[in-house]
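Descriptive structure summary
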Amino acid sequence: MREGAMMIEGVDLAALRVWMDGQGIGTGPIVDAHPLSGGTQNILLRFTRGEEVYVLRRPPFNLRANSNEAMRREARVLAGLAGKGVPHPRLIAACPDEAVIGAAFYLMEPVDGFNPVAGLPPLHAGDPVIRHRIGLSMVEAIAALGAIDYRAAGLEGFGKTDNYLERQVGRWRAQLASYADLPGWPGPDAIPGVDTVGRWLDRHRPADFRPGIIHGDFHLANVMVRPDGGDLAAVVDWELSTIGDPLLDLGWLLATWPEGDVPRATDVAATPWQGFATPAELVAHYGAVSGRDLAALDWYVVLACFKLGIILEGTYARACAGKAPRETGDRLHAHSVDLFARALRRIG
């Protein structure tokens, strides 16, 4: 679609062009603008200007209270990752001003890669050795992320490290309790084990941690893989990134990774799954490349199950109140129940 269309996917192309001119980014009209799908509520728009191709990322049309701030944070962390050895979309420029197109946004380079959950190309579908490499590359990415000096990367104050571990369980218990305001939600008893898991987390919390940058939602659906092999092209969707305990990214990956040879419906997996690294292989490789102490790893996996399960239950609660599609709510509630079952298996 050419710039004459003026507006596409919530982006005023004429206003965008004026802003790019002011930043000295590209010349000529904006052409071939089209939305990209990516399993996210945020809007991705790919377009060409001059000889260059750009991807614009902005919040969804129905802005939440923190949508614009989340976009500004994403741009800040991507700027901090430049040259740090973590595969990520390269930031070109960010616009924190909501007045330009109606929301904060940023421009990044397109990523030459694919999301494995969306489908494997013939090379990857036909080679279990390449599929095995994908998981190992993922843990290398979060090990490198957690090793970055976040202060030197310009991310001082990007997250609160004081009492980070101590705050986790109470924060998510309060989130779960807040769903009681939504009529029709059956309450926390609809999630077997939620109290047991919360008490276990409080009793077994690690005494301390080494702070670092965390992605916050690290799983197979939030990476892009190179088309020529199993290495990552980029880790994407940085809206939940913060400064915290990097072991939570590993815990999150294990909480969503299939435990056996056959993925469950609620696992984040690709097809075919044969050849992908096992959870034990992911842990061993992370330990080898990160040098971090993994003695308390179960705690981080259980915390990831607890946190993600409560987040997903929020959609179910909204569906019970008629504020989200019931089919989606039921599906995510089943996922929440599965996550707590996984946590209970971990704690024995």
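You'll find the structure just up there.
Remember, it's a predicted structure, so these values are computed and weren't measured experimentally.

**Overview of the packing of aromatic side chains**
Counted according to the given criterion, the structure contains nine aromatic pairs. Arranged with centres 5.0 Å apart and planes meeting at 70°, the rings of W19 and F105 form a pair that is edge-to-face. With W19 in helix α1 (residues 13–23) and F105 in strand β7 (residues 105–108), the pair connects residues that are 86 residues apart, well separated along the chain. Taken together through their ring pairs, the aromatic side chains of W257, W273 and F276 make up a single cluster. Here the guanidinium or amino end of R73 rests over the ring plane of F158, the centre of that ring lying 3.9 Å away. Positioned above the aromatic ring of W172, the side-chain terminus of R171 is 4.1 Å from the ring centre.

**Looking at the sheet that holds strand β4 (residues 43–49)**
Taken in spatial order, the five strands make up an open sheet running β3-β4-β5-β7-β6, and their pairing is antiparallel. A single partner strand is all that each edge strand has here, and the edge strands are β3 (30–36) and β6 (91–95). Each neighbouring strand pair of the sheet contributes to a mean axis angle of 20°, computed without reference to strand direction. Pairing analysis gives four bridges linking β6 to β7, with the strands arranged antiparallel. From the neighbouring strand, A94 faces β7, where its bridge partner is Y106.

**Structural notes on the side chain of R58**
The residue R58 is located in strand β5 (residues 52–58) in this model. Within polar-contact distance, the side chain of R58 engages the backbone oxygen of P60 at 3.2 Å. If near-sequence neighbours (up to four positions away) are discounted, R58 is found in contact with E9, G10, V11, N42, I43, L63, M71, I101, A103, A104 and F105.

**Things to note about unusual backbone geometry**
The linkage connecting T271 with the following residue, P272, adopts the cis geometry, with an omega of 0°. Counting through the fold element by element, P272 comes out in the loop between α7 (247–256) and α8 (279–290). Despite not being glycine, D32 has its phi angle at roughly 55°, a positive value. Assignment of secondary structure puts D32 in strand β3. Classification of D32 as partly exposed rests on a relative accessible area of 40%. For D237, which is not glycine, the phi dihedral falls at a positive 60°. By secondary structure assignment, the location of D237 is in the loop between β10 (232–235) and β11 (242–244).

**Observations concerning the nonpolar core**
Counting 85 residues, the largest nonpolar core has M138, L201, I213, L220 and F306 as the members making the most contacts within it. Among the elements that line this core, the one with the most residues is helix α9 (residues 297–320), at 15 residues. Contact partners of L220, with chain neighbours within four places excluded, come to N115, P116, V117, I134, M138, W257, V268, A269, A270, W273 and F276. With 18 residues, the next largest nonpolar core counts L16, I30, Y54 and L56 among its residues.

**Details of helix α2 (residues 67–81)**
If you check α2, its first and last C-alpha atoms are 21 Å apart, about what 15 residues at 1.5 Å a residue would give, namely 21 Å. For α2, every residue scored as buried is listed here: S67, N68, A70, M71, E74, A75, V77, L78, G80 and L81. Where α2 is buried, its residues contact β5, β6, β7, α4 (128–147) and β8 (212–214). With its phi angle positive at about 75°, G83 sits one or two positions after the end of α2.

**As for the pairing of β10**
Strand direction decides the pairing type here: strand β9 (residues 223–225) and β10, joined by three bridges, are antiparallel. Paired with M224 across the two strands is A234, which belongs to β10. Counted between consecutive antiparallel strands, the loop separating β9 from β10 contains six residues.

How each quantity is defined
- Residues numbered from 1 in each chain as written.
- Predicted model: local features only at pLDDT ≥ 70, side-chain atom pairs only at ≥ 80, totals over all residues.
- Heavy atoms only, no water.
- Phe/Tyr/Trp six-rings, centres within 6.5 Å; stacked < 30°, edge-to-face > 60°.
- Helix = DSSP H or I, 4+ residues; strand = E, 2+ residues; numbered from the N terminus.
- Lys NZ or Arg CZ within 6 Å of the ring centre and 35° of its normal.
- Pairing = 2+ DSSP bridges.
- Axes fitted to C-alpha atoms, helices over the stretch in contact; angles between N-to-C directions.
- Polar contact = N/O pair within 3.5 Å; in protein donor to acceptor, adjacent residues only side chain to side chain.
- Contact = heavy atoms within 4.5 Å.
- Buried < 20%, exposed > 50% of the residue type's maximum accessible area, 1.4 Å probe, protein only.
- Core = buried A, V, L, I, M, F, W, Y, C linked by side-chain atoms within 4.5 Å.
- Expected span 1.5 Å × (residues − 1).

The values are spatial; any link to function lies outside them.
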